[in-house]
Amino acid sequence: MNAIELGPLVLSGERLAIIVGVAVFLLGSGLLASRVSPRFNGWSTVAVLTGLGAARLAHVVAHWSYFVDDPLRALAVWQGGFIWVWALAPAVVSAFLMLRERRLMLWAIAPVLACALAGVATERLTSGAEPVPAPSMTLSRLEGGAVNLAAVDGRPTVVNLWATWCPPCRREMPALAQAQDAHPEVRFLFVNQGEGQATVAGWLEEAGLEIDNVLLDRAMAVPRHYGTVGLPVTLFLGPDGRLAEVHVGEIAPEQIGAAIARLR
């Protein structure tokens with residue numbers, strides 16, 4: 001669900017779509033370079049690099065309020081966050097400057113369309129989320145007591161699956177903690193995977209994080225219920241407790257905010 005497991009590597013649907021789209025574009029451009037004109041070799045490289053940069057820059061500008069305090073986070077491309085329509089402009093400009101002939105520029109449309117179709121199809125096939133209901137299981141809270149995951153209180157729920165040994169989990173935790181403070185209308189559950197109370201409490205204290213609803217899933221039953229692979233994974237549940245959206249891998253602050261807005 002929402003990810004492809006390749007040995008030790010786990011790719012979300014979005015990341016796999018990027019890889020497939022770029023691969024199809026380069027393959028198509030390579031064929032044109034060998035059969036039509038060698039100019040397509042240089043153009044394809046420039047188009048990919050400038051297209052990725054433009055798509056990322058458009059995302060940063062559109063969500064600038066999330067980047068203004070930490071502009072260097074714009075370089076954290078592994079978090080995802082691209083507005084792909086803006087990749088078209090560099091491809092067109094570079095084609096005009098590097099291919100020069102109208103015949104070659106018309107040929108360039110083929111790999112661009114193939115890239116778009118392959119990327120969209122890959123993401124559609126890998127990024128769907130079935131409306132699975134929350135599991136009927138009770139987990140111990142780090143701060144005492146227990147929580148029944150199937151119990152709903154009319155609020156949407158964000159469930160973060162994490163572990164202290166997972167670097168992306170540690171990096172995204174401050175953003176999730178801030179989101180919990182900023183959205184009291186949303187229930188947040190931080191479900192630790194496979195670790196003991198002392199380990200989890202010790203890391204939170206060391207990191208200086210104060211988070212409510214830290215749950216201990218020693219048997220790692222929650223990811224089995226939802227069929228997710230890898231860590232971290234963030235699940236977004238509707239007010240009825242059914243799964244609405246899944247984010248695999250490190251999640252950025254603007255992605256948390258956008259997903260919560262979609263839950264409303």
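This text goes with the structure placed above it.
What counts, and at which threshold
- Residues numbered from 1 in each chain as written.
- Predicted model: local features only at pLDDT ≥ 70, side-chain atom pairs only at ≥ 80, totals over all residues.
- Heavy atoms only, no water.
- Helix = DSSP H or I, 4+ residues; strand = E, 2+ residues; numbered from the N terminus.
- Buried < 20%, exposed > 50% of the residue type's maximum accessible area, 1.4 Å probe, protein only.
- Arc of directions from axis to C-beta.
- Contact = heavy atoms within 4.5 Å.
- Axes fitted to C-alpha atoms, helices over the stretch in contact; angles between N-to-C directions.
- Parallel < 35°, antiparallel > 145°, perpendicular 65-115°, else oblique.
- Left-handed = near helix turned anticlockwise from the far one by under 90°.
- Nonpolar A, V, L, I, M, F, W, Y, C, P; charged D, E, K, R; others polar.
- Salt bridge = Lys/Arg side-chain N within 4 Å of Asp/Glu carboxyl O.
- Polar contact = N/O pair within 3.5 Å; in protein donor to acceptor, adjacent residues only side chain to side chain.
- Core = buried A, V, L, I, M, F, W, Y, C linked by side-chain atoms within 4.5 Å.
- Phe/Tyr/Trp six-rings, centres within 6.5 Å; stacked < 30°, edge-to-face > 60°.
- Lys NZ or Arg CZ within 6 Å of the ring centre and 35° of its normal.
- Pairing = 2+ DSSP bridges.

## Re unusual backbone geometry
Part 1 of the reasoning: In this chain, Leu231 is followed by Pro232 through a cis amide linkage whose omega measures -5°.
Part 2 of the reasoning: Among the secondary structure elements, Pro232 is positioned in the loop between helix H9 (221–226) and strand S8 (233–237).
Part 3 of the reasoning: Here Asn213, not a glycine, exhibits a phi torsion of approximately 60°, which is positive.
Part 4 of the reasoning: Following the sequence through the fold, Asn213 ends up in the loop between helix H8 (197–207) and strand S7 (214–217).

## A look at helix H4 (residues 88–98)
Part 1 of the reasoning: Pro90, Ala91, Ser94 and Ala95 are the residues of H4 that are buried. Across the axial projection of H4, the buried residues extend over an arc of 130°, all falling on one side. Projecting away from the buried face of H4 at angles above 90 degrees are the exposed residues Phe96 and Leu97.
Part 2 of the reasoning: Looking at the buried positions of H4, the neighbouring elements they touch are helix H2 (39–62) and helix H5 (102–107).
Part 3 of the reasoning: Among the residues trailing H4, Arg100 stands out with phi positive, at a value near 70°.

## Structural notes on the packing of helix H1 (residues 13–35) against helix H6 (residues 109–126)
Part 1 of the reasoning: For the pair H1 and H6, interaxial distance at closest approach is 8 Å and the crossing angle is 155°. As judged from the angle between their axes, H1 and H6 are roughly antiparallel. Like other packed secondary-structure pairs, H1 and H6 cross with a definite hand, here right-handed. Contacts between H1 and H6 pair Gly13, Glu14, Leu16, Ala17, Val20, Gly21, Val22, Val24, Phe25, Gly28, Ser29 and Leu32 from the former with Pro111, Val112, Ala114, Cys115, Ala118, Gly119, Thr122, Glu123 and Thr126 from the latter.
Part 2 of the reasoning: Here the contact of H1 with H6 is composed, by residue class, of 12 nonpolar, seven polar and two charged.

## Digging into the pattern of salt bridges
Part 1 of the reasoning: If you walk through the whole model with that rule in mind, you get seven salt bridges.
Part 2 of the reasoning: Arg73 serves as the salt-bridge partner of Glu254, at 2.8 Å between the closest nitrogen and oxygen. Taken as a pair, Glu254 in helix H10 (residues 253–263) and Arg73 in the loop between helix H3 (64–67) and H4 lie far apart in primary sequence, 181 residues in all.
Part 3 of the reasoning: Since its relative accessible area comes to 11%, Arg73 is described here as buried.
Part 4 of the reasoning: A salt bridge links Glu143 to Arg141; the shortest N-O distance between them is 2.9 Å.
Part 5 of the reasoning: Accessibility expressed as a relative area gives 40% for Glu143, which makes it partly exposed.

## Some points on the environment of Asp153
Part 1 of the reasoning: With respect to the secondary-structure elements, Asp153 resides in the loop between strand S4 (146–148) and strand S5 (157–162).
Part 2 of the reasoning: By relative accessible area, Asp153 is classed as partly exposed at 44%.
Part 3 of the reasoning: The sequence separation of Asp153 and Asp240 amounts to 87 residues, and the corresponding C-alpha distance is 8.4 Å.
Part 4 of the reasoning: Engagement of the side chain of Asp153 in a polar contact is seen with the side chain of Arg155, the distance being 2.9 Å.

## Some points on the nonpolar core
Part 1 of the reasoning: Trp162, Phe190, Leu204, Ile211 and Val214 are the most contacted members of the largest nonpolar core, which totals 26 residues.
Part 2 of the reasoning: Contributions of two or more residues to this core are made by S5, helix H7 (167–182), strand S6 (187–193), H8, S7 and H10.
Part 3 of the reasoning: Ranked by residue count, the leading element in this core is H7, at six residues.
Part 4 of the reasoning: For Val214, the contacting residues outside a window of four places in its chain are Ser140, Arg141, Leu142, Glu143, Trp162, Phe190, Val200 and Leu204.
Part 5 of the reasoning: Judged by nonpolar contacts, the second largest core, of 20 residues, contains Leu139, Val233, Leu237 and Val248.

## Regarding the packing of aromatic side chains
Part 1 of the reasoning: Under the criterion given, the structure shown has five aromatic pairs.
Part 2 of the reasoning: Ring geometry for Phe40 versus Trp43: centroids 5.9 Å apart, planes at 80°, classification edge-to-face. Taken together, the residues span about one helical turn, with Phe40 and Trp43 both in helix H2 at a distance of three residues. With respect to burial, Phe40 and Trp43 carry one shared label: buried.
Part 3 of the reasoning: Residue placement shows Arg73 over the ring face of Phe67; its charged tip is 4.0 Å from the ring centre.

## Overview of the sheet that holds S7
Part 1 of the reasoning: The strand order across the open sheet formed by seven strands is S4-S3-S7-S6-S5-S8-S9, and the pairing between neighbours is mixed. At either end of the open sheet lies a strand with only one pairing partner, and these are S4 and strand S9 (243–248). For this sheet, the mean angle separating the axes of adjacent strands, direction not counted, is 30°.
Part 2 of the reasoning: By the bridge criterion, six bridges tie S5 to S6 in an arrangement that is parallel. Bridge pairing in S6 places Trp162 opposite Asn192.

Just distances and angles here, no functional claims.
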